[in-house]
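# Topology and contacts: notes
Letter by letter, the chains look like this.
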Amino acid sequence: MAETVLVTGGNGYVAGWCIVELLKRGYVVRTTIRSLSKEPTVRSSIAAAADTRKLTFFVADLTKDDGWEEAVAGCDYALHVASPLGMNNSRNPNDLIIPARDGTLRVLRSAVTARVKRVVMTSAANAASPSSYTEDGVTDETLWTDSDDPTLIPYRRSKTLAEKAAWEFMKAVEGNTTLTTILPGAVFGPILSGDNLTSVQVIGKMLRGEMPGLPRIGLEVVDVRDLADVHIRAMTAQMAAGERFLATGELMWLSRRSLTARKVSLSGKSPELPHLHIISK
């Protein structure tokens, strides 16, 4: 009998590809959305890449308790991918921090109650890095970003605090549910829908000439399909329980990314992205 997996935030970029890969591998998939009005659009985007007959939708919001227990009841695993990205230009850090942290705890409480085998949570590579990137060095999963540093942007603080809250919660509860966290770099790759472009938006801005300049910034790029694959492998690998994994590709300068984007706009061909490197303990 096929196992059942809950993927939170089904209309999201990474979540969509997680759903696609799970369906291709024979899993029964549930996903959460904030309104059932989104179901036709999300289902249509997923259907372009996978058979959606084993996909069902549940209404649940990171800021509310309603719906989470129903969504996760009977599931074998949960991929907690949903997280606010701060695209509404709010200046209040709590607009990101509270839903990210409290939403994670809602998912974990429901998963533990439902006796889910494992929750895989999407964190971020910049939750395991120095506050400043001005110094050279090597980091791994043992490093935690200083969430008290006042110079942190709200997104980094929200991802760090949400992951810390997840580990603290799991240490305090009893049961057989385990936690694994995945910390990706900048996520690029093909899109399933234009409704939620997240990090891919920077490519669009380059193509449209909307960026006023090209800063000297390097990104550890990961293909979204590789990222979906590592979520699923972390979900079932016995030794992944209780671990956090950096999931990043090679560093790519923004200037190189810009050149690639322009070539794609002219040729119509998809670029080759760096393959995933998982840096384990």
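Right, let's walk through the structure included here. (Residues numbered from 1 in each chain as written. Predicted model: local features only at pLDDT ≥ 70, side-chain atom pairs only at ≥ 80, totals over all residues. Heavy atoms only, no water.)

With that out of the way, let us pick up the packing of helix α1 (residues 13-24) against helix α7 (residues 224-236). Interhelical geometry of α1 versus α7 gives an angle of 60° and a closest axis separation of 9 Å. Between α1 and α7 lies a crossing whose hand is right-handed. Where α1 approaches α7, its residues Y13, V14, W17, C18, E21 and L22 are matched on the opposing element by V224, R225, L227, A228, H231, I232 and M235. Within the contact of α1 with α7, the residues separate by chemical class into 10 nonpolar, one polar and two charged. (Axes fitted to C-alpha atoms, helices over the stretch in contact; angles between N-to-C directions. Helix = DSSP H or I, 4+ residues; strand = E, 2+ residues; numbered from the N terminus. Left-handed = near helix turned anticlockwise from the far one by under 90°. Contact = heavy atoms within 4.5 Å. Nonpolar A, V, L, I, M, F, W, Y, C, P; charged D, E, K, R; others polar.)

Looking now at empty space enclosed by the protein. Under the defined criterion, the tally for this structure stands at one cavity of 30 Å³ or more. If you add up the space inside the largest cavity, you get close to 40 Å³. Lining the largest cavity, in full, are H80, A82, S83, A100, T104, M121, T122, K159 and A162. Those elements giving two or more residues to the lining of the largest cavity turn out to be α4 (94-113), β5 (118-122) and α5 (154-172). For the lining of the largest cavity, a count of residues per class yields four nonpolar, four polar and one charged. (1 Å grid on protein atoms, 1.4 Å probe; cavity = no way out; pocket = protein on both sides within 12 Å on 5 of 7 lines; lining within 4 Å. Points joined across faces, edges and corners; volume = space filled by probe spheres on them.)

Looking now at the packing of aromatic side chains. Throughout the structure, instances matching the rule amount to zero aromatic pairs. In this structure, R244 is placed above the aromatic ring of W144, and the distance from its NZ or CZ to the ring centre is 3.6 Å. (Phe/Tyr/Trp six-rings, centres within 6.5 Å; stacked < 30°, edge-to-face > 60°. Lys NZ or Arg CZ within 6 Å of the ring centre and 35° of its normal.)

Mapped onto the secondary structure, S45 falls in helix α2 (residues 39-47). Among the polar contacts listed, one links the side chain of S45 to the backbone oxygen of V42, at a separation of 2.7 Å. Not counting chain neighbours up to four residues away, the residues in contact with S45 comprise L192 and S193. (Polar contact = N/O pair within 3.5 Å; in protein donor to acceptor, adjacent residues only side chain to side chain.)

Before going further, it helps to examine the nonpolar core. Counting 36 residues, the largest nonpolar core has V7, L22, L79 and M235 as its most contacted members. Of all the secondary-structure elements, those providing two or more residues to this core are β1 (4-7), α1, β2 (28-33), α2, β3 (55-59), β4 (77-80), α7 and β9 (244-248). Counting residues per element, this core draws most heavily on α1, at nine residues. With sequence-adjacent residues up to four places away left out, M235 is seen in contact with V5, L22, Y27, Y77, L79, R118 and V120. Residues A71, L108, V119 and M170 belong to the second largest nonpolar core, which totals 20 residues. (Core = buried A, V, L, I, M, F, W, Y, C linked by side-chain atoms within 4.5 Å. Buried < 20%, exposed > 50% of the residue type's maximum accessible area, 1.4 Å probe, protein only.)

Right, let's get into the pairing of β9. Within β9, five of the five residues are buried, leaving the element largely enclosed by the surrounding structure. Burial of β9 is two-sided: the residues R244, L246 and T248 facing one way and the residues F245 and A247 facing the other way are all buried. Bridge analysis of strand β6 (residues 178-184) against β9 gives four bridges, and the strand direction is parallel. In the sheet register, T181 faces β9, and the bridge partner there is R244. (Pairing = 2+ DSSP bridges.)

This part covers α2. Restricting attention to buried positions, one finds in α2 the residues V42, S45 and I46. Along the axis of α2, the buried residues cluster in a sector spanning 100°; they form a single face. Its buried side turned inward, α2 meets α1, β2 and β3. (Arc of directions from axis to C-beta.)

With that settled, the discussion passes to the pattern of salt bridges. Considering all chains together, one arrives at 10 salt bridges under this definition. With a closest N to O distance of 3.3 Å, R25 and E21 form a salt bridge. On the basis of relative accessibility, which here comes to 14%, the residue E21 falls in the buried class. Taking the shortest distance from any N to any O, the salt bridge between R106 and D65 comes out at 2.7 Å. Here the residue R106 occupies a position in helix α4, and D65 occupies one in the loop between β3 and α3 (68-72), the gap between them amounting to 41 residues. Relative accessible area serves as the criterion here: at 54%, D65 is assigned to the exposed category. One network of salt bridges, with partners in common, ties together E21, R25, D229 and R233. (Salt bridge = Lys/Arg side-chain N within 4 Å of Asp/Glu carboxyl O.)

Turning our attention to the pairing of β4. Alternating positions in β4 separate into two faces, Y77 and L79 on one and A78 and H80 on the other, with burial throughout. Where β1 and β4 come together, three bridges link them in parallel fashion. Across the sheet, residue L6 finds its bridge partner in β4, namely A78. Pairing of β4 with β5 involves four bridges; the strand directions are parallel. Opposite L79, over in β5, you have V120 as the bridge partner.

Read these as geometric descriptors, not functional statements.
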